[in-house]
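Chains, contacts and geometry: an overview
Listed below are the residues making up each chain.
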Amino acid sequence: MTDAPGTYALLLRGEENQEIEVGALGAMIVRPGVYVYVGSAFGPGGLRARVGRHARGDGAQHWHVDYLRAATALEAVWYTHDPERRECTWAAVLRDRSGATVPVDGFGASDCTCPAHLTRFESVPSLSSFRARLREQYPDHAPVEQAGEDLLE
Ligand SMILES: [Zn+2]
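Residues numbered from 1 in each chain as written. Predicted model: local features only at pLDDT ≥ 70, side-chain atom pairs only at ≥ 80, totals over all residues. Heavy atoms only, no water.

**Some words on the overall build of the chain**
As a reminder, the rule being used: Strands are runs of DSSP state E lasting at least two residues, helices are runs of H or I lasting at least four, and both sets are numbered from the N terminus onward. Values of the radius of gyration come from C-alpha atoms, whereas the globule rule sets the reference at 2.2 Å times the count of residues to the power 0.38. For every residue, the accessible area (1.4 Å probe, protein chains only) is compared with the maximum for its type, and the residue is labelled buried under 20%, exposed over 50%, or partly exposed between those bounds. Only the protein chains shown count as cover for residues, and all accessible areas are computed by the Shrake-Rupley method using a 1.4 Å probe.
Within the chain, the secondary structure is distributed over 5 helices and 7 strands. In the chain, the succession of helices and strands from N to C terminus is β-β-β-β-α-α-β-α-β-α-β-α. Expected size for 153 residues packed as a compact globule is a radius of gyration near 15 Å; at 14 Å, the chain falls within 12% of this value. Split into buried and exposed, the 153 residues of the chain put 45% on the buried side. Summed over its atoms, the accessible surface of the chain is roughly 7600 Å², and 46% of this surface lies on carbon and sulfur atoms.

In structure tokens, the structure reads:
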């Protein structure tokens, strides 16, 4: 992962039932399972700066995902340096998978018309089938990588 722009997915594990406040969205129930949040980083520092911030979980609670991040464990990060913003595409592909649910309407989707940029699964969804689906629908999509463990420490 470099400081070039790109799109990323955070795979966040909920370990126990808890209720959190998510800024203006209000209360959210976090349950055991895997929450996949999709975002993009096209500002200074690109993907590396943004994902590093999420991985550390520090800084002000600014985005919806910051509140969820504080209540979960970061299990993996998927990312692409594709020059197009792919977050809405990724959110749609994830929502389409069997077992996917949208836990909170509007989560992470204040600036677009998606139902949400957060999808919940009972267990970690398969990266290889996510890649396959993207390749099938968007043949020009740049490769999707999984972040190294150094980022997640
Ligand atoms: Zn969207």
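**Some remarks on the coordination of the zinc ion**
Think of it this way: four donors in a tetrahedron around the metal ideally sit 109.5 degrees apart, and six in an octahedron ideally sit 90 or 180 degrees apart. For clarity, the cut-off: For Na, K and Ca the donor cutoff is 3.2 Å, while for all other metals N, O and S atoms count as donors only within 2.8 Å; water does not appear among the atoms, so some sites may look incomplete. A site with four donors is called tetrahedral when every donor-metal-donor angle falls between 85 and 135 degrees; four donors are called square planar, and six octahedral, when opposite donors sit more than 155 degrees apart and all other angles fall between 65 and 115; any other arrangement is irregular.
The coordination sphere of the zinc ion contains the protein donors Cys88 (SG), Cys112 (SG), Cys114 (SG) and His117 (NE2), at a distance range of 2.0 to 2.3 Å. Taken together, the 4 donor atoms surrounding the zinc ion define angles of 102 to 115° at the centre, an arrangement classified as tetrahedral. One chain supplies every donor to the zinc ion, and in sequence these donors are spaced C-x23-C-x1-C-x2-H. Residue cysteine 112 is classed as partly exposed on the basis of its relative accessible area, which comes to 26%.

**Section: helix H3 (residues 87-95)**
Rule in force here: In what follows, residue pairs with any heavy atoms lying within 4.5 Å of each other are defined as contacts.
All buried positions along H3 are accounted for by Glu87, Thr89, Trp90, Ala91, Val93 and Leu94. Its buried side turned inward, H3 meets strand E1 (6-14), strand E4 (33-41), strand E5 (73-80), strand E6 (118-121) and helix H4 (127-137).

**Some details on the pattern of salt bridges**
Opposite charge on two side chains allows them to pair when their charged atoms are near. For clarity, the cut-off: Put simply, a salt bridge is a Lys or Arg side-chain nitrogen that is within 4 Å of an Asp or Glu carboxyl oxygen.
Counted under the stated rule, the structure contains 9 salt bridges. Across the pair arginine 56 and aspartate 58 runs a salt bridge, and its minimum N-O distance is 3.1 Å. Residue aspartate 58 is classed as partly exposed on the basis of its relative accessible area, which comes to 36%. Of the charged contacts in the structure, one is a salt bridge between arginine 133 and glutamate 136, with a shortest N-O distance of 3.9 Å. With arginine 133 and glutamate 136 both in helix H4 and 3 residues apart, this pair spans about one turn of that helix. What emerges from the salt-bridge pattern is a single network uniting Asp82, Glu84, Arg86 and Asp140.

**Digging into the sheet that holds E5**
Test applied: What makes two strands pair is DSSP finding at least two bridges between them. Simply put, an axis is a line fit to the C-alpha atoms, just over the touching stretch for a helix, and the angle between two N-to-C directions goes from 0 to 180 degrees.
Read across the open sheet, the 5 strands follow the order E6-E4-E1-E5-E7; overall the sheet is antiparallel. Only two strands of the sheet have a single neighbouring strand rather than two, namely E6 and strand E7 (145-146). Docked against the sheet, helix H1 (residues 46-56) engages E1, E4 and E5, running at close to 10° with respect to E1.

**With respect to the nonpolar core**
Our working rule: In plain words, nonpolar cores are sets of buried Ala, Val, Leu, Ile, Met, Phe, Trp, Tyr and Cys residues tied together by side-chain atoms within 4.5 Å.
If you look at the biggest cluster of nonpolar residues, it comprises 24 residues, and the most contacted ones within it are Tyr8, Leu10, Met28, Leu68 and Phe107. Discounting chain neighbours no more than four positions away, the residues touching phenylalanine 107 are Val22, Leu25, Met28, Tyr37, His64, Val65, Leu68, Pro115, Ala116, His117 and Leu118.

**Examining the pairing of E5**
The element E5 is extensively covered by neighbouring structure, given that 6 of its 8 residues are classed as buried. Note: E1 against E5, 7 bridges, orientation antiparallel. In the strand pairing of E5, arginine 13 is matched with alanine 73. Summarising the sheet, E5 and E7 pair through 2 bridges and their orientation is antiparallel. Residue pairing across strands places tyrosine 79 opposite glutamate 145, the latter belonging to E7.

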